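Observations on chain architecture
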Amino acid sequence: MDKELTEVIGENRILYRLAENGCYYPALRLPEGTRYNIGKYGLMRWEYLQTNCGREYLRLLLDGKLNEYLHEVDEECHARVELLVEQMKAGTGIVEELKASNQMKWVGLMNNIRVMAEEIVQREMIYV
């Protein structure tokens, strides 16, 4: 048996390698220059795509754009969380004077705001 097989699908060329169990598996690699670190939100989106959006996940994977897409999602989510935190902080009247006068109350309120902002981002950008 050949140790490697090549299949051409449209513009994509996929290399398959023979594993120890006798099955051929695709030898997928990230395109050069697209090795981004994926953070919390990117990983959450990756898991959601794998379990709920199989076609989109495979399309991104085979096109070599999955890593870049997850990196962009992660950055957008972090930026959105920070914007929401600032807006909610201003809307509830949390100011630096509170931080100086009652630090524990300020920490509790900020933690609540951050959790709310993260839940909004997850609903709007991750699990859609």
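Residues numbered from 1 in each chain as written. Predicted model: local features only at pLDDT ≥ 70, side-chain atom pairs only at ≥ 80, totals over all residues. Heavy atoms only, no water.

Another point: the pattern of salt bridges. Counted according to the given criterion, the structure contains four salt bridges. A salt bridge links K40 to E118; the shortest N-O distance between them is 3.4 Å. Of this pair, K40 sits in helix α1 (residues 40-52) while E118 is found in helix α5 (residues 103-126), placing the two residues 78 residues apart along the sequence. What makes E118 buried here is its relative accessible area of 19%. Put simply, E82 and R114 hold a salt bridge, and the shortest N to O gap is 3.0 Å. Of the two residues, E82 is situated in helix α3 (residues 66-92) and R114 in helix α5; the sequence distance between them amounts to 32 residues. Exposure remark for E82: the relative accessible area of 39% places this residue in the partly exposed category. For R114, a relative accessible area of 31% gives the class partly exposed. (Salt bridge = Lys/Arg side-chain N within 4 Å of Asp/Glu carboxyl O. Helix = DSSP H or I, 4+ residues; strand = E, 2+ residues; numbered from the N terminus. Buried < 20%, exposed > 50% of the residue type's maximum accessible area, 1.4 Å probe, protein only.)

As a further point, take the side chain of N67. Secondary-structure assignment places N67 in helix α3. Under the relative-accessibility criterion, N67 is labelled buried at 12%. In this structure the side chain of N67 is engaged in a polar contact, spanning 2.8 Å, whose partner is the backbone nitrogen of Y36. (Polar contact = N/O pair within 3.5 Å; in protein donor to acceptor, adjacent residues only side chain to side chain.)

Ranked by internal contacts, the top residues of the largest apolar core, which has 16 residues, are Y41, C77, V81, V85, I94, V121 and I126. Counting only elements with at least two residues in this core, the list comes to α1, α3 and α5. Not counting residues up to four positions away in its chain, the partners in contact with I126 are Y41, M44, R45, Y48, V73, C77 and V121. Counting residues in hydrophobic clusters, the runner-up holds seven residues, among them Y48, C53, L60 and L70. (Core = buried A, V, L, I, M, F, W, Y, C linked by side-chain atoms within 4.5 Å. Contact = heavy atoms within 4.5 Å.)

Examined against the element boundaries, N111 turns out to sit in helix α5. In the structure, N111 is positioned 38 residues away from V73 in sequence and 23 Å away in space, judged by C-alpha atoms.

Coordinates in, geometry out; function isn't part of it.
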